[in-house]
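So you can see what is in the structure, the chains are spelled out below.
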Amino acid sequence: MIHRVAVVCLEILLALVVGLVLAVLVLVWRLSEGPIVLDGLRPYVETMLSPPDVGFRTVVGGTQVSWSGWNHALDLVAQDVRLVEPDGNESVRIDRVAVALSPKALLAGRLAPKRIDVLDPRIIVTRTAEGGWRLVPETTEQAEEVGDFDLARLLRAFTGAEVGGPLSDLLEIDVSGAHVRLFDDRRGYTIEAQDVSMALLRTREGLAFHGDGTMSWDGGARTPLEVHGGYNRDGGRVRVEALVQRLPVNALASLDPALAQLAGVALPISGTIRAEAGISGDGASASAEIKVGAGTVSLPGLLDRPVDVAGASVSGVLKPDLDGAEIEVKLDLGGPTLEVGAVAVRSGSGYGVTVDGTAQAVPVDDLKRYWPEPVGTAAREWVTGNLLDGTVPQATVHAAGWLDPTDPGTLRLDQVGGRIDFTGVTTHYFRPLPPATGVHGVAQYDAKSFDIALAGGQVGRLEIDPSTVLITDLDTDNEKAAIDVAARGPVLDALKVIDHKPLGYPTKLGLKLDGVDGQAGVRLRFELPLRKDLKIEQVKLAAAANLAHVNLPEVVAGHDLRDADLTLDLNGAGMKLSGTGTVLGAKAEVSLDQRFHKRGAYTSRSRMKTTANRERLAAFGLDLGDRIGGQAAVDAQVEVRPDGTESVTVTADLQNTRLTVDELGWEKPAGSSGILRAKLGMRDGNPVSVDAFDMKAGDMAALATAALGPGGVPQVIDFERLKIGKTDAAGRAERIGPGNWRVALRGSVID
C-alpha cells in the first residue's frame, strides 16, 4: 500500500516537473521570438511606478514581457512612459523602460520594481529660462507638449519610499546607451553626450550614482567623461565628481557670453571637478584639479599675439552660495613659467578680486606677448619698445579690483603693482642716442608709475652706474618719462653720446673729437612726454660730467687743453665747462658758459687764468718781441654778444714781468710791482680796438684807448693820461708809417 502511494506521488511530481519544464521551454521559445504584449498589466505597472504623495502619476502606453538571456531575469517592459502633473501637463516622457520585479514583493502579492532599466533613450534635457527642468524624447512634436518636472521630488520619491510602497523595493535605476542633448534656455547653449551609461543606487543616506559617456562639442571635439556622486536625502544636496579628459577649453566659449573670450584658448584640459549643491542649485560649491595640455592662447584686445603654452595645472575652490573663489594656475610657456593665484570675495552685485602672480625666465623680447594691452598702456609701449634682448629672471604682480562676472566690461582696477628683475637687456633710454647694452636692474610699478632702476651695463666703452627711468602719470592721458643715466669711461665716448643727433652739442661748440682722450663720469637726464609725435623741442635735457686727465685739441684759441680736470653742466639753455689743465705748457684755470639761444646779454663767455710769457703771448697772436720778458699772471675773459661782436677783458699782474719801451726810453724791471687792465674789441676772432687800457708799472701810469689795424697793430692811441718819468700829460699818438708816429700831448710837464 505504501509502495503504491509512493509510486503515485512520484508520478505526479514527475508530471509536474515535466509540465513545468515544458511550460518554461515554451515560454523561453516564445520570449526568444520577441516580447509578449501584456497590456492587461498596464494598470498595475502604472500603480507600481506612481508613488503616493509625490504630486504626479505615471501613465504607460503599453506593457510587454521580454527576456534578455539566461543571465537575466524576465523584464517587464513599459513603453511610452510619462509622468503627468495634477494639471495634466507631462513633465517627463521616456520611450522604453524595463522593470525587473522584486521577488519579495511578488511573494507578498504585490508588483514592485527591484531595478529599472532605461534602454537606449534619446533624450533632450532642457533647463528652462525660469530655472525648471524638462525631459523629453528627441522628438520636436512631443517636446512642445511636455512641461517641467520637479527633480527634487523625484529624488525624494526614490530615496524616501515607505516600506511596502510601490518603490520600497527599488534598489537601482540603470540608463544604458543614452544619447542626451542638454539645452539651457537661460544661457543659450547646447551640450551633447553620446553612449551615456548611468547607474543610480539606493543607499542608507539617499542615493549614489556613477556613469560615463562621451561629450560632443562645437567643432567636432569629443571628450570622455566619467561621473560619480550621490544625493543626501536629509540634506537635500547633490554631490558630483566629474573626471574629464582632453576637454577643449575653447568649446566652453558658447556656454555663456561671459565665457566668450575662451574661444581663443585652444588648450585641452583633463582632471577632476567636484561640486555640491541643492537640487535647485542653491548653496553651490565646487573645487577642481586640472592638468592642461599644450596649445595656444589668443585673447585679442588683451594679449598682443597668441601665446604658446607647453602645459599647465589649475586648482580652484568655489565657496558655498558662490560667496567667493580661490584659484591657482601654473603655466609652462616652453621655458618661461608663470604662477598666478587669485581670490574673489563677494562684494555687492559682484566680487572683489585680488591677483598675485610670479613669472620666471621670461625673455625680455616676449614681454609684449605676455603684458596685457589694457594694463599700463603707455608704460607697456615704452618698456616693450625700448627694452630689448636679455631675460627677466623673475617678475611679480599684485592687482586688486572689482568685477561682475556676468559683465566683463565692469572690471575696475583699484590697485596694481609689482616688480620686474632683468639682466642682459639692451635699453634705448632716448632714441636715437646709442643704447645701453648688457643692462641689469629692477623695475617697480604701480597704477600710476613705472620705476626702472638700472644697476649696470654699457654704452659703448662707458660703464653704466646706477641710473633710473621713471614713467609717471600712468593714470592720466599725459604720461611722462624722466630718464637719468649715469656712466663713466673714456671721455671721447661720453662726448660722442651728447654729440649724437639730435643733440650734437660738441659740434655746435666747434669741438673736434679727434684726439680727445681722458676719463669721464657723465650723468644725462631727459624729461619728455610719452607721445608718438614727440618733437625734440618737447624734451628737457640736462647733463653733468666730471672729466679727468682730459686732452681736448684746439679748444683754447686754437690751442690744446691737456691733462685737464673739468666739470660740465649742460641743459637745454646752454652749457658750462670749468676746471684746470695745461695750455702751452702752463697751468691754467678755464671756464666756458655757452648759451644755445640768442636771448640775453651774451651767447658765450669764456675765461682763462694762466701764467704768460713772451712765447705764449705770441702763440695767442700778441707778439711783443723784446718788449716783454719774464712772466705775467693773466686773467683773460672773452664774451660773445648776440649780434656777433666780441670783447676780450684782460687783467695781468706784472710783478714778475720786464717791460721795455725803447721809443720812450722806459723800462720796468722784473720784481717791481705792476698791474694791467685792458678790454679789447674783437671781430671775426681778430682784435680791432682797445676799448680800455689801464696800466700802472714802475714809474709809468697809462690810461688810454686805441684803434687797431690788421694783425692787431695799434694805429691810433688816445691817452687820457700818460705819466712816465717826469712827464704827466694827455694826448694822441698816430702811426704815420712804419716806425713813425705823430704825437700830440698836453700837460703840466712834458719831458
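Residues numbered from 1 in each chain as written. Predicted model: local features only at pLDDT ≥ 70, side-chain atom pairs only at ≥ 80, totals over all residues. Heavy atoms only, no water.

Enquirer: Quick question: what am I supposed to make of the environment of Gly-211 here?
Expert: Residue placement: Gly-211 occurs in strand E10 (residues 206-216). Exposure remark for Gly-211: the relative accessible area of 7% places this residue in the buried category. When the C-alpha positions of Gly-211 and Gly-229 are compared, they lie 9.3 Å apart, and in sequence the two are 18 residues distant. If sequence neighbours within four positions are ignored, Gly-211 has contacts with Ser-197, Met-198, Leu-225, Glu-226 and Val-227. (Helix = DSSP H or I, 4+ residues; strand = E, 2+ residues; numbered from the N terminus. Buried < 20%, exposed > 50% of the residue type's maximum accessible area, 1.4 Å probe, protein only. Contact = heavy atoms within 4.5 Å.)

Enquirer: Would you take a moment to explain the pattern of salt bridges for this structure?
Expert: Side chains that carry opposite charge are capable of pairing whenever their charged atoms lie near each other. Overall, the coordinates contain 23 salt bridges when judged by the stated rule. One salt bridge connects Lys-319 with Glu-326, and the closest N-O pair in it is separated by 3.9 Å. In this structure Lys-319 comes out as partly exposed when scored by relative accessible area, which is 34%. The salt bridge involving Asp-484 is made with Arg-525; its shortest N-O contact spans 3.7 Å. Of this pair, Asp-484 sits in strand E28 (residues 480-490) while Arg-525 sits in strand E29 (residues 517-529); the two residues are 41 residues apart in sequence, bridging distant segments of the chain. Among the residues examined, Asp-484 registers a relative accessible area of 14% and is labelled buried. Among the charged side chains, a salt-bridge network with shared partners connects Asp-484, Arg-523, Arg-525 and Glu-527. (Salt bridge = Lys/Arg side-chain N within 4 Å of Asp/Glu carboxyl O.)

Enquirer: So what exactly am I meant to see when it comes to the side chain of Asp-635 here?
Expert: Note that Asp-635 resides in strand E36 (residues 632-640). Beyond its immediate chain neighbours, meaning those up to four positions away, Asp-635 contacts Arg-607, Met-608, Lys-609, Thr-649, Val-650 and Thr-651.

Enquirer: What is the right way to look at the packing of aromatic side chains in this model?
Expert: Both the distance between ring centres and the angle between the ring planes are used here to describe each pair of aromatic rings. The final tally for this structure, using the stated rule, is one aromatic pair. Measuring from ring centre to ring centre gives 5.5 Å for Tyr-445 and Phe-450, while their planes differ by 15°; the resulting arrangement is stacked. Relative accessible area serves as the criterion here: at 17%, Tyr-445 is assigned to the buried category. Residue class for Phe-450 comes out buried when judged on its relative accessible area of 3%. (Phe/Tyr/Trp six-rings, centres within 6.5 Å; stacked < 30°, edge-to-face > 60°.)

Enquirer: Sorry, what's going on with the sheet that holds strand E13 (residues 265-266) here?
Expert: Strand pairing in a sheet relies on backbone hydrogen bonds, with the paired strands running either antiparallel or parallel. Read across the open sheet, the three strands follow the order E13-E16-E17; overall the sheet is antiparallel. A single partner strand is all that each edge strand has here, and the edge strands are E13 and strand E17 (307-309). Two elements, E13 and strand E16 (residues 295-297), share two bridges in a ladder whose sense is antiparallel. If you follow Val-265 over to E16, its bridge partner there is Val-297. (Pairing = 2+ DSSP bridges.)

Enquirer: What's the story with the sheet that holds strand E38 (residues 657-661) in this structure? I'm lost.
Expert: Spatially, three strands are ordered E35-E38-E39 in an open sheet, and the strand pairing comes out antiparallel. One side of each edge strand has no neighbouring strand; the edge strands of this open sheet are strand E35 (628-630) and strand E39 (666-668). Put simply, the sheet's adjacent strands are angled 10° from each other on average, direction ignored. Here E38 pairs with E39 via three bridges, running antiparallel. Within E39, the residue paired with Thr-660 across the bridge is Glu-667. (Axes fitted to C-alpha atoms, helices over the stretch in contact; angles between N-to-C directions.)

Enquirer: Can you walk me through a nonpolar patch on the surface in this structure?
Expert: Together, Trp-741, Val-743, Leu-745 and Ile-750 give the surface a local cluster of nonpolar side chains, amounting to about 340 Å² of exposed area. Within the element layout of this structure, Trp-741 appears in strand E45 (residues 740-749). Note on Trp-741: relative accessible area 32%, which makes it partly exposed. (Patch = residues over 30% accessible without salt bridge, like charges linked within 9 Å, V, L, I, M, F, W, Y side chains within 5 Å. Areas by Shrake-Rupley, 256 points an atom, 1.4 Å probe, with all protein chains shown as cover.)

Enquirer: What am I meant to see in unusual backbone geometry here?
Expert: Outside of glycine, negative phi angles account for most residues, and trans bonds account for most peptide bonds. For Asp-389, which is not a glycine, the phi torsion comes out positive at approximately 60°. Mapped onto the elements, Asp-389 comes out in the loop between strand E22 (387-388) and strand E23 (391-404). Positive phi, close to 50°, is recorded for Asp-563, a residue that is not glycine. Relative to the helices and strands, Asp-563 is located in strand E31 (residues 559-571).

Enquirer: Honestly, the nonpolar core in this entry has me stumped. Any pointers?
Expert: The nonpolar side chains of a soluble globular protein tend to be buried with one another. By size, the foremost hydrophobic cluster in this structure holds 71 residues, and its most contacted members are Tyr-429, Phe-450, Ile-452 and Phe-526. The biggest single contributor to this core is strand E30 (residues 540-556), with seven residues. Beyond its immediate sequence surroundings of up to four residues, Phe-526 is in contact with Tyr-429, Phe-430, Leu-433, Ala-481, Ala-482, Ile-483, Leu-503, Val-539, Lys-540 and Leu-541. Counting residues in hydrophobic clusters, the runner-up holds 45 residues, among them Trp-217, Leu-252, Ile-290 and Leu-303. (Core = buried A, V, L, I, M, F, W, Y, C linked by side-chain atoms within 4.5 Å.)

Enquirer: What exactly am I supposed to notice about the pairing of E29 here?
Expert: For a regular strand, side chains alternate in direction, first toward one face of the sheet and then toward the other. In this sheet, E29 lies alongside E28 in antiparallel orientation, the contact comprising eleven bridges. Looking at the pairing, Asp-484 lines up with Arg-525 of E29. Where E29 meets E30, ten bridges bridge the pair, whose relative direction is antiparallel. Of the residues in E30, the one forming a bridge with Glu-527 is Lys-540.

Enquirer: Which parts of the structure should I look at to understand helix H8 (residues 491-499)?
Expert: Given 3.6 residues per turn, any residue in an α-helix points the same way as the ones three and four places further on. Judged by how many residues are buried, H8 sits mostly within the fold: eight of nine residues are covered. Within H8, burial applies to Val-491, Leu-492, Asp-493, Ala-494, Leu-495, Val-497, Ile-498 and Asp-499.

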